[in-house]
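The residues making up each chain are set out below.
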Amino acid sequence: MVTEIASDFDGNVLTYAISHGADELNFSINAFAGDVTFANAPPVSAPEDASGDNIYEVSISVTDGFSTLTRSIAVTVTSL
């Protein structure tokens, strides 16, 4: 799990969303907390990401209703 953290100078409520990315369908997000998780646990031995290299790429946006910021992240899946 990854938690995106943002704050608003004016105190407006922030809403998080998955905005795009090659692997966006593999993720879900808590719109109010910013917690990003895999929709289903990805298999290490059979990558399901768009590039087939176990590096999942997604962009997360946060908005206060007036402005929107977007950040791209890459999550690498490895075995322990």
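In this numbering scheme, every chain counts its residues from 1 along its sequence in written order. Reporting of local features is limited, given that this is a predicted model, to residues whose pLDDT is at least 70; pairs of side-chain atoms are given and counted only at 80 or more, and all residues count toward the totals for whole chains, interfaces and linings. Water and hydrogen atoms were dropped before computing side-chain values, which therefore reflect all heavy atoms in the structure.

## Looking at the environment of T63
Here is the rule: Only runs of H or I of at least four residues qualify as helices and only runs of E of at least two qualify as strands under DSSP, and these elements are numbered from the N terminus. For the exposure calls, accessible area comes from a 1.4 Å probe over protein chains only, and a residue counts as buried if that area is under 20% of its type's maximum, exposed if over 50%, partly exposed in between. Residue contacts are defined here by distance: any two heavy atoms, one from each residue, within 4.5 Å place the two residues in contact. Between N or O atoms, a polar contact is any pair within 3.5 Å; within protein, one atom must be a potential hydrogen donor and the other a potential acceptor, and residues adjacent in sequence are included only when both atoms are from side chains.
Take T63: it is sitting in strand β5 (residues 55-63). Its relative accessible area of 24% is what places T63 among the partly exposed residues. For T63 and Y16, which are 47 residues apart along the polypeptide, the C-alpha to C-alpha distance reads 6.6 Å. Setting aside residues no more than four positions away along its own chain, T63 makes contact with V13, L14, T15 and T68. Only 3.0 Å separates the side chain of T63 from the backbone nitrogen of G65, close enough to count as a polar contact.

## Some words on the sheet that holds strand β2 (residues 15-20)
Applicable threshold: The pairing criterion for strands is at least two bridges between them, as found by DSSP. Orientation is described by axes fitted as lines to C-alpha atoms, over the contacting stretch for helices, and by angles from 0 to 180 degrees between their N-to-C directions.
Pairing is antiparallel in the open sheet, where three strands are placed in the order β2-β5-β6. At either end of the open sheet lies a strand with only one pairing partner, and these are β2 and β6 (68-76). Within the sheet, the average angular offset between the axes of one strand and its neighbour, ignoring direction, is 30 degrees. For β5 and β6, the ladder comprises nine bridges, and the chain directions are antiparallel. If you follow Y56 over to β6, its bridge partner there is V75.

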